[in-house]
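Examining the three-dimensional arrangement
What follows is each chain in one-letter form.
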Amino acid sequence: LALVPKDDAVKARYDDILKQEIARLAKLRDPAYQAIEAARKSIGAGTFSQATAQLATAAARYGSTPEWPGLSGELASRQGEFDQAEVHFRRGLAQEPDNQKAWQTRLQGVQLDRHLAAAEAARLTQGWPRAEAEAKHALRPRPNDAGALLAVPYTPLTLPTICSV
């Protein structure tokens, strides 16, 4: 009998769950929240102009939450706007300092993307020494990262030496 909660405790817990569910359903109906979710899908699909418009719709309501700079930074990085991505991720870190590891990982990802883009640009113009230097710089923080290794634009110089990073 001591293990069975009192009726008041059960009712309080039920009321709490009901309150949470009502709040969740209200959030799902919120046009700004719908815009955040649509932006997430648009970024994933590579439809960046749509994502930009959707994030603008969500900014008034969600711009002060960590979710908004996270998505804005992801969008900027995917568009090659690495400085802007860093600004967004640093804003997210300021808003959510207890989640520092996640934001630092995002900032490292921007640096990786920046160097891989520079390496690819150099490769396209056959600037092999610069392509190699950028590729090695990109791999320095994560030398065993499979995604980073696969993204490196291999050149006549990097192919034999990339594993010695």
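Note: the structure precedes this text.
It should be emphasised that the depicted structure is a prediction, and the values quoted were computed from it without experimental measurement. (Residues numbered from 1 in each chain as written. Predicted model: local features only at pLDDT ≥ 70, side-chain atom pairs only at ≥ 80, totals over all residues. Heavy atoms only, no water.)

Some remarks on the nonpolar core
In this structure, Ile-36, Leu-55 and Leu-75 are the most contacted members of the largest nonpolar core, which totals 14 residues. Among the elements that line this core, the one with the most residues is helix H2 (residues 31-45), at six residues. If sequence neighbours within four positions are ignored, Leu-55 has contacts with Ile-36, Ala-39, Trp-68, Leu-71, Ser-72 and Leu-75. Phe-82, Ala-85, Leu-93 and Trp-103 belong to the second-largest nonpolar core, a separate cluster that totals eight residues. (Core = buried A, V, L, I, M, F, W, Y, C linked by side-chain atoms within 4.5 Å. Buried < 20%, exposed > 50% of the residue type's maximum accessible area, 1.4 Å probe, protein only. Helix = DSSP H or I, 4+ residues; strand = E, 2+ residues; numbered from the N terminus. Contact = heavy atoms within 4.5 Å.)

Comments concerning the packing of H2 against helix H3 (residues 48-62)
Remark: H2 packs on H3, axes separated minimally by 8 Å, with the N-to-C direction vectors making an angle of 150°. Taken as axis vectors, H2 and H3 run roughly antiparallel relative to one another. Between H2 and H3 lies a crossing of left-handed hand. Counted together, Ala-32, Tyr-33, Ala-35, Ile-36, Ala-38, Ala-39, Ser-42 and Ile-43 of H2 and Phe-48, Gln-50, Ala-51, Gln-54, Leu-55, Thr-57, Ala-58, Arg-61 and Tyr-62 of H3 form the full contact between these two elements. (Axes fitted to C-alpha atoms, helices over the stretch in contact; angles between N-to-C directions. Parallel < 35°, antiparallel > 145°, perpendicular 65-115°, else oblique. Left-handed = near helix turned anticlockwise from the far one by under 90°.)

Examining the packing of aromatic side chains
Enumeration according to the criterion identifies two aromatic pairs in this entry. Measuring from centroid to centroid gives 6.1 Å for Tyr-33 and Tyr-62, while their planes differ by 55°, and the two rings are tilted. Taken together, the residues span a long stretch of sequence, with Tyr-33 in helix H2 and Tyr-62 in helix H3 at a distance of 29 residues. We note that Tyr-33, like Tyr-62, is buried. On the numbers, 6.1 Å between centres and 50° between planes, the contact of Phe-89 with Trp-103 is tilted. Linking Phe-89 in helix H5 (residues 82-95) with Trp-103 in helix H6 (residues 100-124), this pair joins segments that are 14 residues apart in sequence. Summarising the burial analysis for this pair, Phe-89 and Trp-103 share the class buried. (Phe/Tyr/Trp six-rings, centres within 6.5 Å; stacked < 30°, edge-to-face > 60°.)

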